[in-house]
Amino acid sequence: MKIFVVNCGSSSLKYQFIDTETREVLASGLAERIGPSSTGEFTHKPLGKEPVVKQVTMSEHSVAVSLALEHLANPDFGVVSSLGDIDAIGHRVVHGGVNYSESVLIDEAAIDVIKGNIPLSPLHNPANLMGIEACARILPSLPQVAVFDTAFHQTMPEVAYVYPIPYEYYEKHKLRKYGFHGTSHRYVAMRAIDMLQKAGMPTSRIITCHLGNGSSCAAVLNGKCIDTSMGLTPLEGLAMGTRSGSIDPAIIKFLCETEGLSLAEVDEILNKKSGMYGISKGLSNDFRDLIAAAEGGNALAQLALDIFFYRVRAVIGSYAAALGGVDAIVFTAGVGENSSFAREKILEGTGFLGVELDYAANNSQCGESDVSTPGAKARVLVVPTNEELMIALDTQQVVNNSSK
Ligand code: AMP
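This is a predicted model, so every value here is computed, not measured.

### Some remarks on the overall build of the protein
Regarding its fold elements, the protein presents 15 helices and 14 strands. Summarising its shape, the C-alpha atoms of the protein cover approximately 55 × 55 × 45 Å along the three principal directions. The buried share of the protein, taken over its 404 residues, is 50%. Taking the contacts inside the protein whose residues are at least 6 apart along the sequence as the reference set, 60% of them involve residues at least 24 apart. Element-wise, carbon and sulfur atoms account for 53% of the exposed surface of the protein, whose accessible area totals about 18,000 Å². Of note, the protein has its 32 positive side-chain charges centred 2 Å away from the centre of its 44 negative side-chain charges.

### Section: the side chain of Asn-362
When you line up the elements, Asn-362 lands in helix α14 (residues 359-364). Excluding anything up to four places from it in sequence, Asn-362 contacts Ser-340, Arg-343, Glu-344, Leu-357 and Val-371.

### Details of the packing of aromatic side chains
One pass over the structure, following the stated rule, counts eight aromatic pairs. With a centroid separation of 5.9 Å and 65° between ring planes, the pair formed by Phe-308 and Phe-309 is classed as edge-to-face. Neither residue differs from the other here; Phe-308 and Phe-309 are each classed as buried. A connected cluster of aromatic rings, assembled from ring pairs, spans Phe-287, Phe-308, Phe-309 and Phe-341. Above the ring of Tyr-161, the side-chain terminus of Arg-176 is found at 3.6 Å from the ring centroid.

### Some thoughts on the pairing of strand β3 (residues 24-32)
Pairing between strand β2 (residues 13-19) and β3: seven bridges, direction antiparallel. Bridged to Asp-19 within β3 is Glu-24. Of the pairings in the sheet, the one linking β3 to strand β4 (residues 40-46) comprises six bridges and is antiparallel in character. Bridge pairing links Ser-28 to Lys-45 in β4.

### Remarks on the site of the ligand
Inspection of the region around the ligand gives Gly-212, Asn-213, Asp-286, Phe-287, Arg-288, Ile-291, Ala-333, Gly-334, Val-335, Asn-338 and Ser-339 as its neighbouring residues. In this structure, Arg-288 approaches the ligand through a main-chain N or O atom, which is 3.1 Å from an oxygen atom. The protein chains hide 71% of the 500 Å² of surface that the ligand would expose on its own. For the shell around the ligand, the elements supplying multiple residues, two or more each, are α10 (287-295) and α12 (333-338). No other element matches the four residues that α12 contributes to the shell around the ligand. Split by residue class, the shell around the ligand holds four nonpolar, five polar and two charged.

### Comments concerning the nonpolar core
Membership of the largest hydrophobic core comes to 39 residues, with the highest contact counts inside it found for Leu-211, Phe-308, Ile-316, Ile-346 and Leu-347. Contributing elements (two or more residues each) for this core: β9 (205-211), β10 (215-221), α10, α11 (299-323), β12 (328-332), α13 (340-346) and β14 (379-382). In this view, Ile-316 contacts Ile-207, Cys-209, Ile-329, Ile-346, Leu-347 and Leu-353; residues no more than four positions away in its chain are not counted. One finds Val-5, Ala-192, Ile-206 and Met-390 within the second-largest nonpolar core, a separate group that totals 34 residues.

### Examining the pattern of salt bridges
One pass over the full model with this rule turns up 12 salt bridges. Among the salt bridges present, the one from Lys-177 reaches Asp-227, with a minimum N-O distance of 3.2 Å. Of this pair, Lys-177 sits in the loop between α5 (167-173) and α6 (182-198) while Asp-227 sits in strand β11 (residues 224-228), and the two are 50 residues apart along the sequence. For Asp-394, the salt bridge goes to Arg-186, with nearest N and O atoms at 2.6 Å. Here the residue Asp-394 occupies a position in helix α15 (residues 387-402), and Arg-186 occupies one in helix α6, the gap between them amounting to 208 residues.

### Things to note about the sheet that holds β10
The strands that make up a sheet are held in pairs by hydrogen bonds between backbone atoms, and each pair lies either parallel or antiparallel. On the basis of which strands lie adjacent, the open sheet formed by six strands has the order β11-β10-β9-β12-β14-β13 and mixed pairing. The open sheet is flanked by β11 and β13 (369-370), the only strands paired with a single partner. As paired strands, β9 and β10 are joined by seven bridges and run antiparallel to one another. Across the sheet, Leu-211 pairs through a bridge with Ser-215, a residue of β10. Here α6 sits on the sheet and contacts β9, β10, β12, β13 and β14; the angle it forms with β9, its principal contact strand, is near 135°.

Rules of the game
Residues numbered from 1 in each chain as written. Predicted model: local features only at pLDDT ≥ 70, side-chain atom pairs only at ≥ 80, totals over all residues. Heavy atoms only, no water. Helix = DSSP H or I, 4+ residues; strand = E, 2+ residues; numbered from the N terminus. Buried < 20%, exposed > 50% of the residue type's maximum accessible area, 1.4 Å probe, protein only. Contact = heavy atoms within 4.5 Å. Areas by Shrake-Rupley, 256 points an atom, 1.4 Å probe, with all protein chains shown as cover. Lys, Arg positive; Asp, Glu negative; His and termini not counted. Charge placed at Lys NZ, Arg CZ, Asp CG, Glu CD. Phe/Tyr/Trp six-rings, centres within 6.5 Å; stacked < 30°, edge-to-face > 60°. Lys NZ or Arg CZ within 6 Å of the ring centre and 35° of its normal. Pairing = 2+ DSSP bridges. Near = heavy atom within 4 Å. Polar contact = N/O pair within 3.5 Å; in protein donor to acceptor, adjacent residues only side chain to side chain. Nonpolar A, V, L, I, M, F, W, Y, C, P; charged D, E, K, R; others polar. Core = buried A, V, L, I, M, F, W, Y, C linked by side-chain atoms within 4.5 Å. Salt bridge = Lys/Arg side-chain N within 4 Å of Asp/Glu carboxyl O. Axes fitted to C-alpha atoms, helices over the stretch in contact; angles between N-to-C directions.

Here is the structure:
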């Protein structure tokens, strides 16, 4: 099948056009600064042809969808002869709440659920809906599928997802841990299981580490998520680029009282001015910058990195306890895939879990690889994430099942 994969942000739209038979990305693109009052940039990259970059005003998401489709079927820089060659559309949707543990065909009921979960994801779900509505308007006869960031984590047991606060808040508001990056954790866990099976190694206890600007870990038992580090929102868990991750909740009241900040201001600080950026006193939220600064002797950049590494290691330890041991630790996303230094630092002192990093393999790693020594009991894998492919494969499966 040929699937148009859409990932809508509040003022952006990313797309890939994927052939699920060959798993090839036939084209990808990005529309940035969507909105009536700004000039946006539209980039289209067709496989085997020159990329197209245009400055253009895209007043709303439907304009960006039209542009993308026009480019996909364009005689010069297109990859299909007509829009009739598109079989289905797959959307990344951030929050499926407690309603969806799997991807779903988008109908009125699904749209109501996505709308109903807006309070849990006020920035993302409305943007995702804009993309769905734009596609429905332009290609009304094509099936659309929603693939939720939260779905993979819906298999967590109550002990992992219920917060120890008065239970009525869970009952009244569905305040609980949901977890995010689910499509990425599911994809890399699936790939890891495949790699381990081929090597004749155990696959039941896997810890996936999605480490990028936003970061989270997941504990995966027999292919199902039993815990994850992000929570009700993507603010909980690891220290991140600009997010604090888990802190003592009393800090919020303390900051309001002593710094005279409003709750909204503290929320902004915890989401946008904390983490690596905050610890380094605004030097950078980018790990490459911080690693370079630390090498140059910047003590706060070093501290930020050390805190990041320490917290990932501590979560790995707690998930090893939750899983009753660990068969594999999987690294993915910007830092996890690309930084052998980060992997080495995170895994320092984890030999007691059976981890033995092969330093040469870790340093020369490229693509999917096992970077542990031949005899190590707990394997260390690097798996480049591919959320778009996962969305395309889910879309194909949901569409096939719905037509049976
Ligand atoms: P992501 O959010 O997955 O796109 O990851 C972005 C983060 O990955 C940024 O902080 C980058 O600095 C970091 N990153 C990408 N490549 C490297 C690398 N080779 N070494 C360290 N960090 C990297």
